[in-house]
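Observations on the model geometry
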Amino acid sequence: MKRLFLFFVFLLYQFGFSQATKSSDESKDESSYTYTKFDFSVPLRVNQHHGEINQYTGEKEPFFLFDGLSTRVGYGTHLRKWLALGINTGIDWKANECLVAVPLFATLKLSPLVGDETRIYIEPGYGKSFALGRGSLSGDFQKISLGIESDEGIGFFIELCQYGFTKNGIDKIGSLSLGINYTIF
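Starting afresh in each chain, residues are numbered from 1 along the sequence in its written order. Note on the predicted model: pLDDT of at least 70 is required for a residue's local features to be given, and 80 or more for side-chain atom pairs to be given and counted; whole-chain, interface and lining totals, by contrast, use all residues. Hydrogens are left out, water is left out, and the side-chain values use all remaining heavy atoms of the structure.

**Things to note about the side chain of Asn47**
What counts, and what does not: The helix count covers DSSP runs of H or I at least four residues long, the strand count covers runs of E at least two residues long, and both are numbered beginning at the N terminus. The term polar contact refers here to a pair of N or O atoms within 3.5 Å; inside protein, the definition further demands a hydrogen-donor-capable atom paired with an acceptor-capable atom, and it admits residues adjacent in sequence only when both atoms are side-chain atoms. Residue contacts follow a heavy-atom distance rule, with two residues in contact if any of their heavy atoms lie within 4.5 Å.
Along the chain, the position of Asn47 falls in the loop between strand 1 (34-46) and strand 2 (64-66). At 3.1 Å, the side chain of Asn47 and the backbone oxygen of Pro62 are in polar contact. Those residues within four positions of Asn47 in sequence are excluded, and the remaining contacts are Glu61, Pro62, Phe63, Phe64 and Leu65.

**Focus on the packing of aromatic side chains**
The description of two aromatic rings rests on the distance between their centres and on the angle between their planes. To keep things clear, this is the line we draw: Two rings from Phe, Tyr or Trp (for Trp, the six-membered ring) form a pair when their centres are within 6.5 Å of each other. A pair whose planes differ by under 30 degrees is stacked, one over 60 is edge-to-face, and the rest are tilted. With a 1.4 Å probe rolled over the protein chains alone, any residue whose accessible area is under 20% of its type maximum counts as buried; one over 50% counts as exposed, and the rest are partly exposed. Counting as a charge over the ring demands two things of the Lys NZ or Arg CZ atom: a distance within 6 Å of the ring centre and an angle within 35 degrees of the ring normal.
The final tally for this structure, using the stated rule, is four aromatic pairs. On the numbers, 4.9 Å between centres and 85° between planes, the contact of Phe63 with Phe64 is edge-to-face. Using a relative accessible area of 36% as the deciding quantity, one classes Phe64 as partly exposed. Where Phe141 meets Tyr163, the ring centres are 5.6 Å apart and the plane angle is 50°; that geometry is what we call tilted. Separated by 22 residues along the polypeptide, Phe141 in strand 7 (residues 138-150) and Tyr163 in the loop between strand 8 (154-162) and strand 9 (174-184) bring together distant segments of the chain. The exposure class of Tyr163 is buried, given its relative accessible area of 1%. Through a chain of ring-to-ring contacts, three or more aromatic side chains come together here, namely Phe105, Phe141, Tyr163 and Phe165. Above the face of the Tyr121 ring, Lys109 is positioned so that its terminal group lies 4.4 Å from the ring centre.

**Some points on the pairing of strand 8**
Looking along a regular strand, one sees the side chains alternate between the two faces of the sheet. Here is the rule: Each pair of strands is called paired provided DSSP finds at least two bridges between the two strands.
Alternating positions in strand 8 separate cleanly, Gly155, Phe157, Glu159 and Cys161 being buried on one face and Ile154, Phe156, Ile158, Leu160 and Gln162 remaining unburied on the opposite face. The pairing of strand 7 with strand 8 spans eight bridges and is classified as antiparallel. Opposite Lys143, over in strand 8, you have Cys161 as the bridge partner. Note that strand 8 and strand 9 share nine bridges and pair antiparallel.

**Some thoughts on the environment of Cys161**
Mapped onto the elements, Cys161 comes out in strand 8. Taking relative accessible area as the criterion, Cys161 reaches 5% and is therefore assigned buried. C-alpha separation for the pair Cys161 and Ser175, spaced 14 residues apart in sequence, amounts to 5.5 Å. Excluding its chain neighbours within four sequence positions, the residues that come into contact with Cys161 are Arg72, Phe141, Gln142, Lys143, Gly174 and Ser175.

**Concerning the side chain of Asn88**
Structurally, the position occupied by Asn88 is in strand 4 (residues 83-94). A residue is classified by how much of its surface remains accessible, and Asn88, at 4% relative accessible area, is buried. Polar side-chain contacts of Asn88 include one of 3.2 Å to the side chain of Thr107. Ignoring anything within four residues of it in the chain, the contact list for Asn88 reads Lys37, Val73, Gly74, Tyr75, Pro103, Leu104, Phe105 and Thr107.

**Considering empty space enclosed by the protein**
The condition that has to hold: In this analysis the probe radius is 1.4 Å and the grid spacing 1 Å, with only protein atoms considered; a cavity is a set of points the probe fits into but cannot get out of, a pocket is an open set with protein on both sides within 12 Å along at least five of seven lines, and lining residues have an atom within 4 Å of a point. Grid points are joined across faces, edges and corners, and a volume is the space filled by probe spheres set on the points. Three categories are distinguished: nonpolar for Ala, Val, Leu, Ile, Met, Phe, Trp, Tyr, Cys and Pro, charged for Asp, Glu, Lys and Arg, and polar for the others, with Gly belonging to the last.
Summed over all chains, the structure comprises one cavity of 30 Å³ or more. Taken as a whole, the largest cavity encloses approximately 50 Å³ of empty space. Lining the largest cavity are Tyr35, His78, Lys81, Ala84, Lys109, Ser111, Glu149, Thr183 and Phe185. By residue class, the composition of the lining of the largest cavity is three nonpolar, three polar and three charged.

Given below as structure tokens:
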């Protein structure tokens, strides 16, 4: 009876243990849950002389003008590239405001797959921003980005952000930007 019981237990163990093999692509997707992201964008401002003829060039003035440069870097974790949580920082230069700001913020990114290798995404962010060379000028940083990116990590986006402080005491400083990002998974 004892031998029959041991034979039954060993037989059950044989069905309980198995080995599954994965290709290198599958193991890479499941073992890497972090990402590093680089953003480069150009803030835009409305041209108060849009539609008028420039007296020097003879061309119509454009609706938007470039108003500085922004560069940011972020690090975080993701779940199958469609849900990500990260922390970001960077340097934003606003030429019209004569301002350089450093935002430090967290983001939540939702990026569903809409094609074979194309994703659209929405990425809200919240944190603090600090103005450089302006004393203790700081505020709550808020942003939202809408974009499209490939599975290789290259994407284009439009972003709306507000720095949470005023320089002249009238309106809070914000920007509308167009940019490109590169994400390393």
